[in-house]
Protein chains: 2
Amino acid sequence: MTASAPTDRVRLRRRHDRGGYDAATIYPILDAMPLCSVGYVFEGQPYVTPTLQWREGDHVFWHGSSASRMLRAVDTAEVCVTVAILDGFVMARSGFHHSINYRSAMMLGTARRVADPGEKEARLKSFVDGSFPGRWDMLRPATERELKATTVMTMPIDEASSKIRMGPPGDEEEDYALPIWAGVVPVRMEVENPVPDPRNMEGLEPPDHILNFRLG
Amino acid sequence: MTASAPTDRVRLRRRHDRGGYDAATIYPILDAMPLCSVGYVFEGQPYVTPTLQWREGDHVFWHGSSASRMLRAVDTAEVCVTVAILDGFVMARSGFHHSINYRSAMMLGTARRVADPGEKEARLKSFVDGSFPGRWDMLRPATERELKATTVMTMPIDEASSKIRMGPPGDEEEDYALPIWAGVVPVRMEVENPVPDPRNMEGLEPPDHILNFRLG
């Protein structure tokens, strides 16, 4: 993405100190959290569909069943894709200054279907290998039917913003003298031990891409 | 919410086995995760704003600055509020059957502003005390200016659906004979130790509502 000035549609109206519009702040948020929300309009009604996203260069991708109502509705349509990571609860000395620590990114644009079958398979490989390096080539190869049943959508990341809050509460100056415990309760996504499929062949050990998997 | 049949707008088109339309499946998802996404249409463009939600009875609430573009856009407008909890990565023997374990809820409806100042303050107290019991009454009381600067939105939970996936991968029957490690990599939100504000008065200990806080 270019470092040009933000459009009016993504420019933060409030708390400009929390906003960013460049790849250096937006890409790490996308790369840290695959869970995203895709917003679109269908017959005048807004819908938000949670799904997984992945980034390659200056494009964001997501996928789903070719029968999905969401994916059919967003092809060549305007969408809004957001990623939000909750980092903590900010406990202030007044209700008003309670807040959360978070990292979020919002992207606006026109979604398009990845039409070329070769590109589609390459993108899906990047999706799997991006989180689990080397896994794609260990798998039973995709069939033509499976690839047809899968739709991959993409959008350039060129109209986007990030919003980040971190650190302790920001209270009214006179409230710091109050005997009220303030601070942050941090939260984060924890990856737990892998649970083998009970139907795994005997003697199979989890590969390194499972043991080494981290979120964020 | 009533247990009537789902409307066409929220009925799952695919994987009916994963869908639910009753309070018993939807409310626990809302109660487990305050982070939500509010989808709305502004000048024809869909937007998705991450924020926190809370539930009281059969209504969902969210709040923000009265100067917020989102909150002004959604007053008496159609919105879609979703909550999505990522529970794990489902590693199958083919790319096609890779999936995630998750719990998600989607609500459609018309948002309205909580206009009555007394009700607004009571809702904000429920929001804080819902996660941190007893905190509201420990805080410096809200001022009239702060309450005016805060907008609380609400929506009945009467057109909603949940979607849940759990358990091991579901592979093609013949693929279970392949020597490929399959299983689930579980993830969950971890609450870490509270970080006191460096400007806390000396000798303040974190109250029970901080020490006992759990997500989910």
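None of the values given here were measured: they were computed from a predicted structure.

1. Digging into the overall build of chain A
Part 1 of the argument: For chain A, the count of helices and strands is 5 helices and 11 strands.
Part 2 of the argument: Projecting the C-alpha coordinates of chain A onto the three principal axes gives extents of approximately 65 × 45 × 35 Å.
Part 3 of the argument: Sequence separation of 24 or more characterises 74% of the internal contacts of chain A that already satisfy a separation of 6 or more.

2. A few points about helix α1 (residues 23–32) of chain B
Residue and element names in this part refer to chain B.
Part 1 of the argument: Here α1 has its buried residues at I26, I29 and L30. Relative to the axis of α1, the buried residues are bounded by an arc of 95 degrees and lie together on one face.
Part 2 of the argument: In this structure, the buried residues of α1 make contact with β1 (19–20), β3 (45–56), β4 (59–65), β5 (78–91), β6 (99–110) and β9 (160–165).

3. A few points about the interface of chain B and chain A
Part 1 of the argument: With 76 residues of chain B in contact, the opposing surface of chain A contributes 76 residues.
Part 2 of the argument: Going through the elements one at a time, β2 (35–42), β3, β5, β6, α3 (117–131), β10 (183–191) and β11 (195–196) of chain B are the ones with two or more residues in the side of chain B that touches chain A.
Part 3 of the argument: Looking at the side of chain B that touches chain A element by element, the count peaks at 9 residues for β10(B).
Part 4 of the argument: Tallied by class, residues from the side of chain B that touches chain A come to 48 nonpolar, 13 polar and 15 charged.
Part 5 of the argument: Across 2 bridges, the pairing between strand β11 (residues 195–196) of chain A and β10(B) is antiparallel. Opposite A:V195, over in β10(B), you have B:V184 as the bridge partner.

4. Quick notes on the relation of the copies chain B and chain A
Part 1 of the argument: The two copies are related by a screw motion: chain B maps onto chain A through a turn of 180 degrees and a shift of 0.0 Å along the axis, at an RMSD of 0.0 Å. Taken together, the turn and the small shift mark the pair as related by a two-fold rotation axis. Using C-alpha coordinates, one finds that chain B approaches the rotation axis most closely at B:M189, a distance of 2.3 Å.
Part 2 of the argument: The residues that chain B uses at the interface reappear at the interface of chain A in 100% of cases, marking a shared surface.

5. Focus on the environment of A:S37
Part 1 of the argument: In this structure, A:S37 sits in strand β2 (residues 35–42).
Part 2 of the argument: Put simply, A:S37 and A:R140 are 103 residues apart on the chain and 30 Å apart in space, counted from C-alpha to C-alpha.
Part 3 of the argument: Not counting the four nearest positions on each side in its chain, A:S37 is found in contact with A:V48, A:P50, A:T82, B:S37, B:V48 and B:T82.

6. Let's talk about the pairing of β9(B)
Residues and elements named next belong to chain B.
Part 1 of the argument: Sheet topology places β1 next to β9; 2 bridges connect them, and they run antiparallel. Its bridge partner lying in β9, G19 is registered against K163.
Part 2 of the argument: Sheet topology places β6 next to β9; 6 bridges connect them, and they run antiparallel. Opposite R103, over in β9, you have I164 as the bridge partner.

7. Here's the deal with helix α3 (residues 117–131) of chain A
Residue and element names in this part refer to chain A.
Part 1 of the argument: The first and last C-alpha atoms of α3 sit 22 Å apart over 15 residues, in line with the 21 Å expected at 1.5 Å per residue.
Part 2 of the argument: All buried positions along α3 are accounted for by R123, L124, F127 and V128. Buried positions in α3, seen along its axis, are confined to an arc of 130 degrees and lie on one side of it. Facing away from the buried surface of α3 by more than 90 degrees, the exposed residues are G118 and E119.
Part 3 of the argument: Looking at the buried side of α3, the elements it contacts are β3 (45–56), β4 (59–65) and β8 (150–156).

8. A few points about the confidence of the model for chain A
Part 1 of the argument: On average, chain A scores 94 in pLDDT, and the residues at 70 or more come to 98%.
Part 2 of the argument: For this predicted complex, the interface confidence comes out at an ipTM of 0.95, alongside a pTM of 0.95.

9. Some words on the pairing of strand β5 (residues 78–91) of chain A
All names here are of chain A.
Part 1 of the argument: The buried fraction of β5 is high, at 12 of 14 residues.
Part 2 of the argument: Sheet analysis places β2 next to β5, joined by 3 bridges and oriented antiparallel. Bridged to G39 within β5 is C80.
Part 3 of the argument: With 12 bridges joining them, β5 and strand β6 (residues 99–110) adopt antiparallel strand pairing. Across the sheet, residue V81 finds its bridge partner in β6, namely M107.
Part 4 of the argument: With 4 bridges joining them, β5 and strand β10 (residues 183–191) adopt antiparallel strand pairing. Paired with G88 across the bridge in β10 is P186.

10. Some points on unusual backbone geometry
Residue and element names in this part refer to chain A.
Part 1 of the argument: For E43, which is not a glycine, the phi torsion comes out positive at approximately 50 degrees.
Part 2 of the argument: By secondary structure assignment, the location of E43 is in the loop between β2 and β3.
Part 3 of the argument: Even without being glycine, T76 reaches a positive phi, approximately 55 degrees.
Part 4 of the argument: By the secondary structure assignment, T76 is in the loop between α2 (69–74) and β5.

11. Focus: the environment of A:G20
Residue and element names in this part refer to chain A.
Part 1 of the argument: Considering the arrangement of structural elements, one finds G20 in strand β1 (residues 19–20).
Part 2 of the argument: Note: C-alpha distance between G20 and R140 (120 residues apart in sequence) is 42 Å.
Part 3 of the argument: When residues no more than four places from it in sequence are discounted, the contact partners of G20 are T25, I26, S161, S162 and I164.

12. Some remarks on the environment of A:T143
All names here are of chain A.
Part 1 of the argument: With respect to the element layout, T143 can be found in the loop between α3 and α4 (144–148).
Part 2 of the argument: By C-beta crowding, T143 is classed as exposed, having 12 other C-beta atoms within 10 Å.
Part 3 of the argument: Separated by 39 residues in sequence, T143 and A182 place their C-alpha atoms 56 Å apart.

Cut-off values and rules
- Residues numbered from 1 in each chain as written.
- Chains lettered and ligands numbered in written order.
- Predicted model: local features only at pLDDT ≥ 70, side-chain atom pairs only at ≥ 80, totals over all residues.
- Helix = DSSP H or I, 4+ residues; strand = E, 2+ residues; numbered from the N terminus.
- Contact = placed C-beta atoms within 7 Å.
- Buried ≥ 20, exposed ≤ 12 C-beta atoms within 10 Å, placed from the backbone.
- Arc of directions from axis to C-beta.
- Nonpolar A, V, L, I, M, F, W, Y, C, P; charged D, E, K, R; others polar.
- Pairing = 2+ DSSP bridges.
- Least-squares fit on C-alpha atoms with pLDDT ≥ 70 in both.
- Expected span 1.5 Å × (residues − 1).
- pLDDT = per-residue confidence, 0-100.

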